[in-house]
Amino acid sequence: MMRAWTMAGLMTLFGLAAAITRFASGQTVAAAVILVVFAAAAWWLSPLAFPRPVGAARARELSAADGRAIVYWRAGCRYCLRLRFRLGRDARRAYWVDIWRDPEGAAVVRAVNGGSETVPTVVLRGEAYVNPDPAWVRERLR
């Protein structure tokens, strides 16, 4: 979790530094654009862009009860971001486990992926799919 916030924080700091440099040289519009772009990138790299994560044990328990998919992810992963944003509102129909916050979730992903922490890993009805096509996942979530 700390790595995710660190990446988002660094993105914000770099954006501020670039914006201040532009602002100091009289380029206020460019400074504002840079600040907005870096703030958006920081938000995308932060855990805030994802539904509230649950622990792996709780996700398995809930999924067994209602049949929803479990998505194992980590902040800063571009494939996780791609999946999350292409799912749109349907992302709330899955349980999201942040493997950087949940060691048990990381262990599940390593077990499925031969020791690698490859994400996103989607578990649906007991079957694991590594980096599946977002359209395929969306279809299964509906």
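Structure's up top.
Structural notes, computed from the coordinates.

The rules behind each value
Residues numbered from 1 in each chain as written. Predicted model: local features only at pLDDT ≥ 70, side-chain atom pairs only at ≥ 80, totals over all residues. Heavy atoms only, no water. Buried < 20%, exposed > 50% of the residue type's maximum accessible area, 1.4 Å probe, protein only. Helix = DSSP H or I, 4+ residues; strand = E, 2+ residues; numbered from the N terminus. Arc of directions from axis to C-beta. Contact = heavy atoms within 4.5 Å. Polar contact = N/O pair within 3.5 Å; in protein donor to acceptor, adjacent residues only side chain to side chain. Axes fitted to C-alpha atoms, helices over the stretch in contact; angles between N-to-C directions. Parallel < 35°, antiparallel > 145°, perpendicular 65-115°, else oblique. Left-handed = near helix turned anticlockwise from the far one by under 90°. Nonpolar A, V, L, I, M, F, W, Y, C, P; charged D, E, K, R; others polar.

Attention now goes to helix α3 (residues 56-66). Taken together, the buried positions of α3 are occupied by Ala56, Ala59 and Ser63. The buried residues of α3 occupy an angular sector of 55 degrees when projected down its axis, which confines them to one face. With respect to the buried face of α3, the exposed residues turned more than 90 degrees away are Ala64 and Ala65. Contacts made by the buried residues of α3 are with β1 (69-73), β2 (94-98) and α5 (103-112).

Attention shifts here to helix α4 (residues 78-87). Those residues of α4 not exposed but buried are Cys80, Leu81, Leu83, Arg84 and Leu87. Seen end-on, α4 carries its buried residues on one side only, within an arc spanning 165 degrees. Just downstream of α4 lies glycine 88, where phi reads positive at about 60 degrees.

The residue serine 63 is located in helix α3 in this model. By relative accessible area, serine 63 is classed as buried at 14%. Here the side chain of serine 63 touches arginine 68 through a polar contact of 2.5 Å, landing on its backbone oxygen.

A separate point is the packing of α4 against helix α6 (residues 134-141). Between α4 and α6, the shortest axis-to-axis distance is 9 Å and the interhelical angle comes to 45 degrees. Between α4 and α6, the interaxial angle falls into the category oblique. Remark: the crossing between α4 and α6 carries right-handed chirality. Contact residues: α4 offers Arg82, Leu83, Arg86 and Leu87, while α6 offers Pro134, Val137, Arg138 and Leu141. Grouping the amino acids of the contact of α4 with α6 by side-chain chemistry returns 5 nonpolar, no polar and 3 charged.

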